[in-house]
Amino acid sequence: MDSLFSQLCVLGSSLVLIFGLILLWRRGVTAYVTAFTWQSIVLAAVTVTVAYFGHDPELYWVAGALVLLKVVVIPRLLRQMERRFAAERELEPYVNTATSLVISGLLVLFGYAITRPLVALSQLPTRAGMPLAMGLVLVSLFVVISRKKALTQVVGFLMLENGITLLAVLGTYGIPLIVELGVFLDVLLGFLVMQIFIYQIHETFESIDVEQLNRLRH
Amino acid sequence: MTGYVLELAQAALALLLAPGVVGLVRWMKARLQNRRGAPVWQPYRELGKLFRKEVVVSSNASWLFHAAPFVVFASVVAVTFLVPILAVPLPFDGIGDLLVVVYLLLLGTFFLSLAGLDPGSPFGGMGASRAMTVAALAEPTVALAIFALALGAGSTNLGQIVARTMTDPGAALSPGHLFAFGALFIVTLAETGRLPVDNPATHLELTMIHEAMILEYSGRYLALIEWAAAVKLLIFFSLLGNLFVPWGVSLALTPATLALAVASLLVKVVILAGAVAVLETRIAKLRLFRVPELLSVSFVLALLAVTSSFLLR
């Protein structure tokens, strides 16, 4: 029973990480939105698994809120933005694709290294997935700093949040429901604020390339 | 004794089945594209026709051009003896492990590239340089991906890897196996000249890789090379099928389990062929300069596979 549980968790975490890596390889905004949606679906599935095997009914609510927010609402808002900025593909990131893939591989390695004490300390059957969640956090952070288009950075930020949620679910069977709801609200608000920013950047520079912001210095 | 007979039977089965697999992929692809498609056994007819035709060789070609088809064919035949297609353990397991398999396959690619360069035609040179670019990036990934499985089994012996996964079914769903499967699948597409990397349906196109190298070949030489390419596809399919989902591979040498092994091999090959056909229908060929990026995706997956199977042992 426990072995099936831990297998499912690791499987889910691996899939979540793979959807995160798609961000580095694909260039179109459509692919990013699809990857993010699927990642959130798998994340919700992992949460439900933990709720079922860990006998924690509160997590069902968390999974429900997750689906509502990250599979329905945010992808819809992202698609709205995509219609407007679809032509703005991530053609020249600061770090080219091949290098950033290798770097992200190393980042996941680093994630394994830093979660080692955590994994050793934990007795939970979900512990094997934690390095992958930490890897996703680091990779998303790397996406945010190495990509030029504001929209890519926003998706990177959302995936970062997914990584943290995954870490919380696997590491401690989730934080209290009320905190979780607060976090979700924060994400939604943060996303809305970023959306307004992107529209403003586009308004000012006719592009969502954040390189352009350097011009503000003069 | 039965072990050696089985080895021969396995190699013969691989050689006979391989053109059919190519035909199957082509047929499925045609059906998916609303074409009627040539029958599955069409490649056998093509090979038969090519074997009967005369060989025309450029006057600039050296002995290398004549030798290459035999080296290419011999290398894949040797690999069919070493890969667990039907049963484990096999008597030849001790002769070659995964490193031997990887480098035998590379030997074939290397000679094919030399043969492409040899007659001095511009297409051959272009194809050879591209094939080397792909091979240089793909070959370490194959080794690394299978190595991730070898870490779990504690041996680089392919037969032992299969046996080990069968005794521990949970391992088939571990992240190491999943990442390694993804990596090996991408490499399979690259190494066997399938769509995102090379277009197997085209014969005269500036971006071709495999076809460009063999453009100068004709008659039985061409037949040998095409046959070897088909066997290579089957080898990769059986690696994907038997290393990652080993159920069905025969552990005892009884007729019943062997029949089951043949049946399960056919099922796995049909599923993988279907996956390749769907993929080839859905996606377009990548620009040549994006191919290294795709291969670095698979390299990173293989790296993650090795890491996670090393750290989560």
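Residues numbered from 1 in each chain as written. Chains lettered and ligands numbered in written order. Predicted model: local features only at pLDDT ≥ 70, side-chain atom pairs only at ≥ 80, totals over all residues. Heavy atoms only, no water.

Q: How should I be thinking about the overall build of chain A in this particular structure?
A: Within chain A, the regular secondary structure consists of seven helices and zero strands. In sequence order, chain A lays out its α and β elements as α-α-α-α-α-α-α. The C-alpha atoms of chain A give a radius of gyration of 18 Å, which matches the 17 Å a tight globule of 218 residues would have. For chain A, the spread of C-alpha atoms along the three principal axes comes to 60 × 35 × 25 Å. Burial analysis of chain A (218 residues in total) assigns 55% to the buried set. Sequence separation of 24 or more characterises 78% of the internal contacts of chain A that already satisfy a separation of 6 or more. Taken as two groups, the 15 positive and 14 negative side-chain charges of chain A have centres that lie 7 Å from each other. (Helix = DSSP H or I, 4+ residues; strand = E, 2+ residues; numbered from the N terminus. Rg over C-alpha atoms; globule rule 2.2 N^0.38 Å. Buried < 20%, exposed > 50% of the residue type's maximum accessible area, 1.4 Å probe, protein only. Contact = heavy atoms within 4.5 Å. Lys, Arg positive; Asp, Glu negative; His and termini not counted. Charge placed at Lys NZ, Arg CZ, Asp CG, Glu CD.)

Q: Explanation requested: helix α4 (residues 98-117) of chain B in the structure shown.
A: Residues lying three or four places apart along an α-helix face the same way, a consequence of the helix completing one turn every 3.6 residues. End to end, α4 of chain B covers 29 Å across 20 residues, agreeing with the expected 28 Å (1.5 Å per residue, within 8%). Packed against the buried residues of α4 of chain B are α3 (63-82), α5 (122-153), α6 (158-167), α8 (210-213) and α9 (219-244) of chain B. (Expected span 1.5 Å × (residues − 1).)

Q: I tried to follow unusual backbone geometry on my own but got confused; where do I start?
A: Negative phi is the rule for most residues except glycine; trans is the rule for most peptide bonds. A positive phi angle, close to 50°, is found at H55 of chain A, a residue other than glycine. Note on placement: H55 of chain A falls in the loop between α2 (29-53) and α3 (58-85). Even without a glycine there, the phi angle at N34 of chain B is positive, about 65°. Here N34 of chain B shows up in the loop between α1 (2-32) and α2 (42-52).

Q: Would you mind going over the pattern of salt bridges with me for this structure?
A: Should the charged atoms of two oppositely charged side chains come close, the side chains can pair. By the definition in use, this model includes six salt bridges over all chains. Close ionic contact of E161 of chain A with K70 of chain A constitutes a salt bridge, the shortest N to O distance being 2.4 Å. Taken together, the positions of E161 of chain A in helix α6 (residues 150-172) and K70 of chain A in helix α3 put the pair 91 residues apart, joining distant regions of the chain. In this structure, E161 of chain A and K70 of chain A share a single accessibility class: buried. Across the salt bridge formed by R290 of chain B and E293 of chain B, the nearest N and O atoms sit 2.9 Å from each other. R290 of chain B sits in the buried class, given a relative accessible area of 13%. Taking the relative accessible area as the measure of exposure, E293 of chain B reaches 11% and is therefore buried. Residues joined in a network through salt bridges with shared partners are K29, R194 and E280 of chain B. (Salt bridge = Lys/Arg side-chain N within 4 Å of Asp/Glu carboxyl O.)

Q: Would you mind showing me how to read the nonpolar core here?
A: Formed by 163 residues in total, the largest nonpolar core has its most connected members in L78 of chain A together with L158, Y217 and L243 of chain B. If one sorts the elements of this core by residue count, α9 of chain B sits on top with 18 residues. For L78 of chain A, the residues in contact, after removing those within four places along its chain, are V33, F36, L151, V155, L158 and F191 of chain A. (Core = buried A, V, L, I, M, F, W, Y, C linked by side-chain atoms within 4.5 Å.)

Q: Is there a simple way to think about the confidence of the model for chain B in this case?
A: Interpretation of this model should avoid reading the predicted coordinates in detail wherever pLDDT is low. Overall, the predicted model of chain B reaches an average pLDDT of 87, with 99% of residues at or above 70. Of the two predicted TM-score estimates for the complex, the pTM is 0.86 and the ipTM is 0.77. (pLDDT = per-residue confidence, 0-100.)

Q: How should I be thinking about a nonpolar patch on the surface in this particular structure?
A: There is a patch of nonpolar side chains on the surface, built from V67, L68, V72 and V73 of chain A and spanning about 290 Å² of accessible area. Relative to the elements of secondary structure, V67 of chain A occurs in helix α3. (Patch = residues over 30% accessible without salt bridge, like charges linked within 9 Å, V, L, I, M, F, W, Y side chains within 5 Å. Areas by Shrake-Rupley, 256 points an atom, 1.4 Å probe, with all protein chains shown as cover.)

Q: Would you explain the interface of chain B and chain A in this entry?
A: Often, the extent of an interface is quoted as the loss of accessible area on bringing the components together. Across the boundary between the two partners, chain B contributes 20 residues, which contact 20 residues of chain A. Summed over both sides, the interface between chain B and chain A buries roughly 1,900 Å², with carbon and sulfur atoms accounting for 78% of that surface. Where chain B meets chain A, there are two residue pairs in polar contact (both at pLDDT 80 or more). With ten residues, the single largest contributor to the side of chain B that touches chain A is helix α11 (residues 291-311) of chain B. Residue classes in the side of chain B that touches chain A are distributed as 13 nonpolar, five polar and two charged. (Buried area = accessible area lost by both parts, 1.4 Å probe. Polar contact = N/O pair within 3.5 Å; in protein donor to acceptor, adjacent residues only side chain to side chain. Nonpolar A, V, L, I, M, F, W, Y, C, P; charged D, E, K, R; others polar.)

Q: How do you make sense of the packing of aromatic side chains when you look at a structure like this?
A: Working definition: an aromatic ring pair is given by the centre-to-centre distance plus the angle between the planes. All chains considered together, the criterion is met by ten aromatic pairs over all chains. Pairing Y52 of chain A with F53 of chain A gives two aromatic rings, centres 5.2 Å apart and planes at 85°, and the pair type is edge-to-face. By relative accessible area, which is 17% here, F53 of chain A ends up buried. Taken together, a centroid distance of 5.9 Å and an interplanar angle of 85° make the contact between F70 of chain B and Y221 of chain B edge-to-face. Here Y221 of chain B lies in helix α9 and F70 of chain B lies in helix α3, a separation of 151 residues in the sequence. For F70 of chain B, a relative accessible area of 44% corresponds to the partly exposed category. Classification of Y221 of chain B as buried rests on a relative accessible area of 7%. An aromatic cluster is built from F65, F70, Y217 and Y221 of chain B, whose rings are joined through pairwise contacts. When the ring centre of Y94 of chain A is taken as reference, the NZ or CZ atom of K148 of chain A above it lies at 5.2 Å. (Phe/Tyr/Trp six-rings, centres within 6.5 Å; stacked < 30°, edge-to-face > 60°. Lys NZ or Arg CZ within 6 Å of the ring centre and 35° of its normal.)

Q: Help me understand the side chain of R130 of chain B in this model?
A: Residue and element names in this part refer to chain B. The residue R130 is located in helix α5 in this model. At 7.5 Å, D198 is the nearest oppositely charged side chain to R130, a buried residue that forms no salt bridge. Once residues within four sequence positions are removed from consideration, R130 is found in contact with L206, T207, M208, I209 and L288.

Q: I would appreciate a short explanation of the packing of α1 of chain B against helix α10 (residues 255-282) of chain B in the present structure.
A: When two helices pack together, their arrangement is given by the angle between the helix axes and by the axis-to-axis distance. Residue and element names in this part refer to chain B. Contact pair α1 / α10: the axes reach a minimum separation of 9 Å and the direction vectors enclose 30°. Classified by chirality, the crossing of α10 by α1 is right-handed. Contacts between α1 and α10 involve L6, L13, L17, V21, L24, V25, M28, K29 and L32 from the first element and L258, L265, L266, V269, V270, A273, G274, V276, A277, V278, E280 and T281 from the second. Here the residues of the contact of α1 with α10 are counted per class, giving 17 nonpolar, two polar and two charged. (Axes fitted to C-alpha atoms, helices over the stretch in contact; angles between N-to-C directions. Left-handed = near helix turned anticlockwise from the far one by under 90°.)

Q: Help me understand the environment of W63 of chain B, please; the structure alone is not making it clear to me.
A: Residue and element names in this part refer to chain B. Along the polypeptide, W63 turns up in helix α3. In this structure W63 comes out as exposed when scored by relative accessible area, which is 64%. Each C-alpha atom of the pair W63 and A115 lies 9.6 Å from the other, and the pair is 52 residues apart in sequence.

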